[in-house]
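# Architecture at a glance
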Amino acid sequence: MKDQVTQHERFINDVEAKRRRAIQKYESEVRMKEQKTLELDNSRQQLEDLKKRHAHLTRKINAYNRYEKYLLRVLENMPENYIEMQDNMMISLMMRHKTLSETNKDLVIGLTEKADELEAYRQKLERTKQEHEKQLLSINSQLHQLQKIQEDKIDANQEKEESFMSNKAEFRRRRAEIGVIMMAINNIVERTTKLSDRGAEIMTLDEKLNRIQIHVKERIDVLKIASARESPSESRSKTSGKSRKLASSPKPEKNVQFVD
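Keep in mind that this is a model prediction, so the values were computed, not measured. (Residues numbered from 1 in each chain as written. Predicted model: local features only at pLDDT ≥ 70, side-chain atom pairs only at ≥ 80, totals over all residues. Heavy atoms only, no water.)

### Focus: the overall build of the chain
Put simply, the rule is: Think of it this way: any DSSP run of H or I at least four residues long counts as a helix, any run of E at least two long counts as a strand, and we number them from the N terminus. In these tables, accessible area is a Shrake-Rupley quantity obtained with a 1.4 Å probe, and a residue counts as shielded only by the protein chains included in the view.
Along the backbone of the chain there are 4 helices and 0 strands. For the chain, the N- to C-terminal ordering of α and β elements is α-α-α-α. By element, 54% of the accessible surface of the chain is carried by carbon and sulfur atoms, the whole surface being about 23500 Å².

Structural data, given as structure tokens:
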């Protein structure tokens with residue numbers, strides 16, 4: 001009985017183990033199926049992408065085929081030693097074209113910069129010309145004003161010169177008269193100067209006139225005293241004679257102006 005129970009338990013355990021293994025295998029196969037299905041979908045998607053890319057590249061090849069033909073014709077008509085000899089002349093030609101294109105691009109950029117710089121210099125030149133024209137107008141206006149002032153001064157100087165030339169003879173005459181008056185004053189001063197007094201050459205004009213005035217007063221006083229002692233008739237005759245003599249002598253003037 002115990003052996004049967006043991007066999008049944010062993011049988012049940014074996015069946016249970018087989019069932020678990022079968023379940024695990026099923027789950028593993030399900031996961032593998034899902035993974036393979038995902039990989040298949042990815043592969044299909046990649047295939048579609050590759051088909052699209054292949055179609056795109058095919059269209060590009062068909063589109064670039066004319067350029068290839070053109071390059072082949074260029075190679076046929078190209079002069080010798082135009083480019084370095086290599087295995088693939090077409091690639092060399094394309095590299096040469098790339099180099100020239102980049103050089104042309106740099107030249108275009110440089111030309112654009114130079115054109116902008118030239119335009120900036122042209123604008124600066126225009127501004128400089130405008131400023132120069134303004135300065136020229138201002139200078140011409142100032143020059144016109146200065147010329148007018150110079151003309152006015154020339155006219156004024158000419159008028160002054162004419163006036164000076166017209167009055168020159170009058171100035172000479174007045175100067176001669178003043179010289180005669182000064183000589184007369186010096187003669188009178190020398191006659192009235194005592195030996196102990198200063199010489200007339202070192203005296204000022206005011207001192208000379210004061211000396212003459214004092215001398216005249218002294219002579220008048222002496223004449224009055226003499227006339228009081230003499231008879232009236234003689235006194236009158238002498239007085240008239242002295243008066244005529246004094247009247248004939250030049251009268252000193254205190255305020256005398258000298259003209260050179």
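### Observations concerning the pattern of salt bridges
Quick note on the threshold: One side-chain nitrogen of Lys or Arg within 4 Å of one carboxyl oxygen of Asp or Glu is enough to make a salt bridge.
Inspection of the entire model under this criterion finds 6 salt bridges. Through salt bridges with shared partners, one network takes in Glu 16, Arg 19 and Arg 20.

### Looking at helix H1 (residues 2–77)
Which entries qualify depends on this criterion: Each helix should span, by expectation, one fewer than its residue count multiplied by 1.5 Å. Bend is computed residue by residue as the angle between axes fitted to the seven residues ending at the residue and the seven residues starting at it.
For H1, with 76 residues, the first-to-last C-alpha span of 106 Å sits near the 112 Å given by 1.5 Å per residue. Of all the bends in H1, the largest measures some 35° and sits at Tyr 64.

### Overview of the packing of H1 against helix H2 (residues 89–192)
In helix packing, the relevant descriptors are the interaxial angle and the interaxial distance, both defined with respect to the helix axes. For clarity, the threshold we go by: Axis geometry follows a simple rule: fit a line to the C-alpha atoms, using only the stretch in contact for helices, then measure angles between N-to-C directions, giving values from 0 to 180 degrees. Every angle not falling under 35 degrees, over 145, or within 65 to 115 is termed oblique; those three ranges are roughly parallel, roughly antiparallel and roughly perpendicular. We call two residues in contact when some of their heavy atoms are within 4.5 Å. Residue polarity follows a fixed list, in which Ala, Val, Leu, Ile, Met, Phe, Trp, Tyr, Cys and Pro are nonpolar, Asp, Glu, Lys and Arg are charged, and the others, Gly among them, are polar.
Relative orientation of the contacting elements H1 and H2 amounts to 95°, with a least axis distance of 10 Å. Classified by the interaxial angle, the pair formed by H1 and H2 is roughly perpendicular. Contact residues: Glu 68, Leu 71, Leu 72, Val 74 and Leu 75 in H1; Met 89, Met 90, Leu 93 and Met 94 in H2. For the contact of H1 with H2, the per-class residue count stands at 8 nonpolar, no polar and 1 charged.

### A closer look at the nonpolar core
The cut-off we apply is this: Definition used in this section: a nonpolar core is a set of buried Ala, Val, Leu, Ile, Met, Phe, Trp, Tyr and Cys residues joined via side-chain atoms within 4.5 Å. For every residue, the accessible area (1.4 Å probe, protein chains only) is compared with the maximum for its type, and the residue is labelled buried under 20%, exposed over 50%, or partly exposed between those bounds.
Counting residues in each nonpolar core, the largest one holds 8 residues, listed as Ile 178, Met 182, Ile 185, Val 189, Met 203, Leu 205, Leu 209 and Ile 212. Counting residues per element, the ones that place at least two in this core are H2 and helix H3 (205–229). Of the residues forming this core, the biggest block, 4 residues, is contributed by H2. Counting 5 residues, the second largest nonpolar core, distinct from the first, contains Met 78, Met 89, Met 90 and Leu 93.

### Considering the packing of H2 against H3
Put simply, the rule is: In this scheme the crossing of two helices becomes right-handed for a clockwise turn of the near helix relative to the far one and left-handed for an anticlockwise turn of less than a right angle.
Look at H2 against H3: their axes get within 10 Å of each other, and the N-to-C directions meet at 55°. Overall, the two elements H2 and H3 adopt an arrangement that is oblique. Here H2 and H3 pass one another in a crossing that is left-handed. For the pair formed by H2 and H3, the contact residues are Met 182, Ile 185, Asn 186, Ile 188, Val 189 and Thr 192 on the first element and Leu 205, Lys 208, Leu 209, Arg 211, Ile 212 and His 215 on the second. Taken together, the residues that form the contact of H2 with H3 break down as 7 nonpolar, 3 polar and 2 charged.

### Thoughts on H2
Because an α-helix packs 3.6 residues into every turn, residues spaced three or four apart end up facing the same way. The largest bend along H2 reaches roughly 40° and is located at Asn 167. For H2, every residue scored as buried is listed here: Met 89, Met 90, Ser 92, Leu 93, Ile 178, Met 182, Ala 184, Ile 185, Val 189 and Thr 192.

### Thoughts on a nonpolar patch on the surface
Heads up, the condition is: Like-charged residues within 9 Å of one another, or nonpolar side chains (Val, Leu, Ile, Met, Phe, Trp, Tyr) within 5 Å, are grouped into patches, provided each residue has over 30% relative accessible area and no salt bridge.
A contiguous nonpolar surface patch, about 310 Å² in accessible area, is contributed by Phe 11, Ile 12 and Val 15. Position of Phe 11 among the secondary structure elements: in helix H1. The class of Phe 11 is exposed, set by a relative accessible area of 56%.

### Let's talk about a negative patch on the surface
For the record, the criterion: Here Asp and Glu are counted as negative and Lys and Arg as positive; His is not counted, and neither are the chain ends. Every charge is mapped to an atom, namely NZ of Lys, CZ of Arg, CG of Asp or CD of Glu.
Among the surface-exposed residues, Glu 151, Asp 152, Asp 155, Glu 159, Glu 161 and Glu 162 lie close enough to one another that they form a single negatively charged patch. With respect to the secondary-structure elements, Glu 161 resides in helix H2. Accessibility expressed as a relative area gives 51% for Glu 161, which makes it exposed.

### Structural notes on the confidence of the model for the chain
Heads up, the rule is: Per-residue confidence from the prediction method is given by pLDDT, with values spanning 0 to 100.
Averaged over every residue, the pLDDT of the chain is 80; the share at 70 or more is 82%. Least confident of the elements in the chain is helix H4 (residues 232–248), whose mean pLDDT is 50; most confident is H2, at 88.

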